[in-house]
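An overview of the molecular structure
What follows is each chain in one-letter form.
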Amino acid sequence: MTPRTLPTPSSDSPAVMRLFDAAADAFAAKGFHATTTRDIASRAGLSPAGVYVHFASKEDLLFQLSRDGHVGARDAMAAAAGDADSPTEALRQMIGRFARWHAEELTLARIVQYEFRHLTDEHRHEVLDLRREIDAVVRSVVEAGMTSGEFDVRDSHATTLALLSLVVDVARWYHPGVRRTPDEIEETYGALALRLVAAR
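About the criteria used
- Residues numbered from 1 in each chain as written.
- Predicted model: local features only at pLDDT ≥ 70, side-chain atom pairs only at ≥ 80, totals over all residues.
- Heavy atoms only, no water.
- Helix = DSSP H or I, 4+ residues; strand = E, 2+ residues; numbered from the N terminus.
- Buried < 20%, exposed > 50% of the residue type's maximum accessible area, 1.4 Å probe, protein only.
- Areas by Shrake-Rupley, 256 points an atom, 1.4 Å probe, with all protein chains shown as cover.
- Lys, Arg positive; Asp, Glu negative; His and termini not counted.
- Charge placed at Lys NZ, Arg CZ, Asp CG, Glu CD.
- Expected span 1.5 Å × (residues − 1).
- Salt bridge = Lys/Arg side-chain N within 4 Å of Asp/Glu carboxyl O.
- Phe/Tyr/Trp six-rings, centres within 6.5 Å; stacked < 30°, edge-to-face > 60°.
- Lys NZ or Arg CZ within 6 Å of the ring centre and 35° of its normal.
- Axes fitted to C-alpha atoms, helices over the stretch in contact; angles between N-to-C directions.
- Parallel < 35°, antiparallel > 145°, perpendicular 65-115°, else oblique.
- Left-handed = near helix turned anticlockwise from the far one by under 90°.
- Contact = heavy atoms within 4.5 Å.
- Polar contact = N/O pair within 3.5 Å; in protein donor to acceptor, adjacent residues only side chain to side chain.

1. Quick look at the overall build of the protein chain
Within the protein chain, the regular secondary structure consists of 10 helices and 0 strands. Reading the helices (α) and strands (β) of the protein chain from amino to carboxyl end gives α-α-α-α-α-α-α-α-α-α. Within the span of the protein chain, comprising 200 residues, buried residues form 44% of the whole. When the accessible surface of the protein chain is totalled, it reaches about 10,300 Å², and 51% of it is carbon and sulfur. Counting 23 positive and 29 negative side-chain charges, the protein chain places the averaged centre of each group 6 Å from the other.

So, in structure tokens, the structure goes:
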């Protein structure tokens with residue numbers, strides 16, 4: 001039996017996009033286990049059977065949302081690093097933009113950071129591979145700054161973990177009603193990143 005090619009969040013199908021939006025809202029609000037297929041279908045204006053026209057399961061929906069979020073974050077950070085003319089500027093932009101993404105894409109960010117543990121082993125491994133790619137993007141900039149003498153860092157792995165942990169926490173505390181705007185979060189976290197590496 002030939003495996004089905006399932007749609008991704010980039011699909012231009014209106015029904016698929018409604019399901020992604022509905023699932024993201026439901027998972028972020030209620031958590032994966034408390035969300036039912038009926039919840040998702042109702043939010044999307046479809047029957048429960050309509051979910052299975054496009055997705056193999058509720059878990060498959062979670063996987064594709066999580067994968068899309070990780071790919072988007074990885075690519076945005078790599079682009080930010082590529083646009084910079086020094087490790088210092090690259091780190092400031094990467095961490096600042098990643099923090100901003102957690103505020104602007106709060107619903108998806110919470111799913112990406114907190115719900116991936118509910119994935120099947122196969123899907124979890126794929127998402128963890130993407131997380132390692134994100135780690136590698138940040139670590140490469142940290143190590144470039146160590147080599148150039150811009151950063152005073154002894155352990156690039158531990159420093160990368162600290163930088164990413166700092167940003168991930170935005171998804172825990174941020175909500176649109178707080179006084180800090182995404183612009184302010186980007187500026188603050190970019191500056192914090194440079195302090196963490198003792199940028200010169």
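2. Thoughts on helix α5 (residues 87–104)
For α5, with 18 residues, the first-to-last C-alpha span of 25 Å sits near the 26 Å given by 1.5 Å per residue. Burial of α5 is extensive: 13 of the 18 residues sit out of reach of the surface.

3. As for the pattern of salt bridges
Within the structure shown, the criterion is met by 11 salt bridges. Close ionic contact of Arg74 with Asp75 constitutes a salt bridge, the shortest N to O distance being 2.9 Å. Residue Arg200 pairs with Asp152 through a salt bridge whose shortest N-O separation is 3.9 Å. Taken as a pair, Arg200 in the segment after α10 (182–196) and Asp152 in the loop between α7 (121–148) and α8 (156–168) lie far apart in primary sequence, 48 residues in all. What makes Asp152 partly exposed here is its relative accessible area of 46%. Members of the salt-bridge network, linked through shared partners, are Arg100, Glu104, Asp183 and Glu186.

4. Brief notes about the packing of aromatic side chains
Counted according to the given criterion, the structure contains 4 aromatic pairs. Here the aromatic rings of Phe20 and Phe55 are separated by 5.2 Å at their centres, their planes lie at 85°, and the arrangement is edge-to-face. Of this pair, Phe20 sits in helix α1 (residues 14–30) while Phe55 sits in the loop between α3 (48–54) and α4 (58–83), and the two are 35 residues apart along the sequence. The buried category is assigned to Phe20, whose relative accessible area is 3%. Classification of Phe55 by relative accessible area gives buried; the value is 0%. Arranged with centres 6.1 Å apart and planes meeting at 25°, the rings of Phe98 and Trp101 form a pair that is stacked. In this pair, Phe98 and Trp101 are both assigned in helix α5, 3 residues apart and thus about one turn of the helix distant. Across the pair, Trp101 and Phe98 agree in class, each one buried. If you follow Lys58 out to its NZ or CZ, it ends over the ring of Phe32, 4.2 Å from the centre.

5. Structural notes on unusual backbone geometry
With phi around 50°, Ala198 is a residue other than glycine that occupies positive phi space. Structurally, the position occupied by Ala198 is in the segment after α10.

6. Description of the packing of α8 against α10
Contact pair α8 / α10: the axes reach a minimum separation of 11 Å and the direction vectors enclose 160°. As judged from the angle between their axes, α8 and α10 are roughly antiparallel. Here α8 and α10 pass one another in a crossing that is right-handed. Only Tyr189, Leu192, Ala193 and Leu196 of α10 make contact with α8, whose side of the interface consists of Thr159, Ala162, Leu163, Leu166 and Val167.

7. Some words on the side chain of Lys58
Checked against the element boundaries, Lys58 lands in helix α4. With no salt bridge to any partner, buried Lys58 finds its closest opposite charge in Asp39, at an N-O distance of 7.6 Å. Within polar-contact distance, the side chain of Lys58 engages the backbone oxygen of Thr35 at 2.7 Å. When near neighbours in sequence (up to four residues on either side) are disregarded, Lys58 contacts Phe27, Phe32, His33, Thr35, Thr37 and Ile40.

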